[in-house]
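Spelled out from the first residue to the last, the chains are:
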Amino acid sequence: MGPVRGFKKRRKLDRKVDGGGVSESSEQEPVDWWDDFSKRITGPLSLTNGVDKFESVLKVSRKTFNYICSLVKEDLLAKQSNFTLSNGKVLSLNDQVAVALRRLSSGESLLTIGELFGMNQSTVSQVTWRFVESMEKRALHHLEWPSTENEVKEIKSKFEKIRGLPNCCGAIDTTHIMMCLPTVDPSNDIWFDREKNHSMILQAIVDPDMRFRDIVTGWPGSMNDSLVLKNSGFYNLCKKGKRLNGKRIELSQGTELREYIIGDIGFPLLPWLVTPYPGKDLPHSKDDFNRRHFATRMVAHRALARLKDMWKIVRGVMWRPDKHKLPRIILVCCLLHNIVIDLEDEVQDEMPLSHHHDVGYRQQVCNPIDKKAFVLRDKLSQYLSGRLPP
């Protein structure tokens, strides 16, 4: 299965985003690269309005594109490749990145991409995979748990501004990446989820800016949300007191609130994972708490919906994907999602906000709860409703 389960923190790279700027490559492609590249586009896309608009084809701005090129340049140019266009011209660095971005953002078939850019399917596949391998190595610093006190403080403040939840550090949710697998092969049964689809799970913890802070993927769709969580590195870190162990706040005399994340009722209620109250016709304070909780965790829904809207390769039904490579493709799509946010790419402003990322999937329910967490949730609910004694 995929190597991305329990996302492991790796060495930070020197290339950083600093105040919206980027570390540009010292060697730039010719200024007219896009003019030349766009003229080679064939098929239906060449007949649409705005085909000459960079963003309409690659789904990122030129600034973001240049930054991505600077990340992967060393790897993609490290050895001579035989990647060529149909006219025999060798693909440049920009050509390779453009092909990979188009493949990931459109979800179009290798055949369609090849016809669009004038190359064979094998070239599209190999170029895209080399790009994925490089991004997996060079862009990991864009997906990390907050490490500084100021960063954590800002995240908490932004979450509290949404609907008043104090000391919240993240929102967790899962989505399914659907696959078309042969049903005659019994080994594929494990990928069969509760909605009768073959799928792979992506679990993500998101900050208030819809940035992914921790992901787990590679597990089969047959596993429920609670089980995926309990098999994650994040869960083990929390269990050992090495995550969500920062500054506590005092709700009232003798009542402290630790750092926590929020999730829906598919996750277990834990001291560091606050879920909503189950059931209907709840008392006002509990109903109000659930409303605040729902409005706050919507950032996770929107982040996963935006991921699938921008990087459509993970939105549709993937035709017999390599189940060892797919987790790495999912990871790179998450990295690209974060890079667009980190570079404040205006392309994201043109995307409609949606929270539908798992259409057709019913809400899971996790019944076991932690008694201490149950008491703490009650006190948090009473605090938000003004009923907690001082």
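Residues numbered from 1 in each chain as written. Predicted model: local features only at pLDDT ≥ 70, side-chain atom pairs only at ≥ 80, totals over all residues. Heavy atoms only, no water.

Draft legend 1. Geometry of the overall build of the chain. Counting its secondary structure elements, the chain contains 12 helices and eight strands. Relative to its 390 residues, the chain shows a buried fraction of 55%. For the chain, the share of sequence-separated contacts (at least 6 apart) that also reach a separation of at least 24 residues comes to 73%. For the chain, the accessible surface area stands at approximately 18,600 Å², while carbon and sulfur atoms represent 49% of it. (Helix = DSSP H or I, 4+ residues; strand = E, 2+ residues; numbered from the N terminus. Buried < 20%, exposed > 50% of the residue type's maximum accessible area, 1.4 Å probe, protein only. Contact = heavy atoms within 4.5 Å. Areas by Shrake-Rupley, 256 points an atom, 1.4 Å probe, with all protein chains shown as cover.)

Draft legend 2. Broad picture of the pairing of strand 4 (residues 249-252). Here strand 4 runs beside strand 5 (residues 255-257); their pairing, made up of three bridges, is antiparallel. Among the inter-strand pairings, I249 is bridged to a residue of strand 5, identified as L257. Taken together, strand 4 and the strand that follows it, strand 5, pair antiparallel across an intervening segment of two residues, in which G254 is found at a positive phi of about 85°. (Pairing = 2+ DSSP bridges.)

Draft legend 3. Main features of the environment of L71. If you trace the backbone, L71 turns up in helix 3 (residues 62-76). With 63 residues separating them along the chain, L71 and S134 place their C-alpha atoms 8.0 Å apart.

Draft legend 4. Looking closely at unusual backbone geometry. Notably, L244 is not glycine yet its phi reads approximately 55°, a positive angle. Considering the arrangement of structural elements, one finds L244 in the loop between helix 9 (233-239) and strand 4. In this model, E344 sits at a positive phi of 50°, which is unusual for a non-glycine residue. For E344, the location among the structural elements is in the loop between helix 11 (326-342) and helix 12 (371-384).

Draft legend 5. Molecular detail of a nonpolar patch on the surface. A contiguous nonpolar surface patch, about 240 Å² in accessible area, is contributed by I369, F374 and V375. Note that V375 resides in helix 12. (Patch = residues over 30% accessible without salt bridge, like charges linked within 9 Å, V, L, I, M, F, W, Y side chains within 5 Å. Salt bridge = Lys/Arg side-chain N within 4 Å of Asp/Glu carboxyl O.)

Draft legend 6. Looking closely at the packing of aromatic side chains. A full pass over the atoms with the stated rule returns 12 aromatic pairs. Ring geometry for F37 and F117: centres 5.0 Å apart, planes at 50°, overall tilted. With F37 in helix 1 (residues 33-39) and F117 in helix 5 (residues 110-117), this residue pair connects regions lying 80 residues apart in the sequence. The pair F37 / F117 is uniform in exposure class, with both members buried. Seen in terms of ring centroids, F54 and F65 are 5.2 Å apart; in terms of plane orientation they differ by 80°. Their pairing is edge-to-face. In this pair, F54 sits in helix 2 (residues 54-58) while F65 sits in helix 3, placing the two residues 11 residues apart along the sequence. Its relative accessible area of 3% is what places F54 among the buried residues. One aromatic cluster in this structure is built from W33, W34, F37, F54, F65 and F117. Across from the ring centre of W129, 4.6 Å away, lies the NZ or CZ of K325, which sits over that ring. Directly above the aromatic system of Y277 lies the positively charged group of R377, at a separation of 4.2 Å from the ring centroid. (Phe/Tyr/Trp six-rings, centres within 6.5 Å; stacked < 30°, edge-to-face > 60°. Lys NZ or Arg CZ within 6 Å of the ring centre and 35° of its normal.)

Draft legend 7. Spotlight on the side chain of T217. Along the polypeptide, T217 turns up in strand 3 (residues 212-220). Of note is the side chain of T217, whose polar atom sits 2.9 Å from the backbone oxygen of I201. (Polar contact = N/O pair within 3.5 Å; in protein donor to acceptor, adjacent residues only side chain to side chain.)

Draft legend 8. Expanded view of the confidence of the model for the chain. Confidence in the prediction of the chain, expressed as mean pLDDT, is 88, and 88% of residues score 70 or more. Across residues 6-27 the pLDDT falls below 50, and counting only partners more than four positions away or on other chains, this stretch makes 40 contacts in the model. (pLDDT = per-residue confidence, 0-100.)

Draft legend 9. Molecular detail of helix 7 (residues 149-163). Under the 1.5 Å per step criterion, the end-to-end length of helix 7 is 22 Å for 15 residues, consistent within 8% with the ideal 21 Å. Taken together, the buried positions of helix 7 are V152, I155, K156 and F159. With its buried residues spanning 95° around the axis, helix 7 presents them on a single face. In helix 7, the exposed positions that point more than 90 degrees away from the buried face belong to N150, K153 and K161. Where helix 7 is buried, its residues meet strand 1 (168-180), strand 2 (198-206), strand 3 and helix 10 (284-310). The first or second residue beyond helix 7 is G164, which carries a positive phi of 90°. (Expected span 1.5 Å × (residues − 1). Arc of directions from axis to C-beta.)

Draft legend 10. A look at the side chain of H337. If you trace the backbone, H337 turns up in helix 11. A polar side-chain atom of H337 sits 2.7 Å from the main-chain carbonyl oxygen of M210. Discounting chain neighbours no more than four positions away, the residues touching H337 are M210, F212, A303, R306, L307 and W311.

Draft legend 11. Here's a closer look at the nonpolar core. Within the largest apolar cluster, 89 residues are counted, with the highest numbers of intra-cluster contacts made by F65, V97, F131, M135, F212 and W311. The element contributing the most residues to this core is helix 11, with 12 residues. Among all residues touching M135, those that are not within four sequence positions of it are I68, L71, V72, L140, V332, L335, L336 and I339. (Core = buried A, V, L, I, M, F, W, Y, C linked by side-chain atoms within 4.5 Å.)

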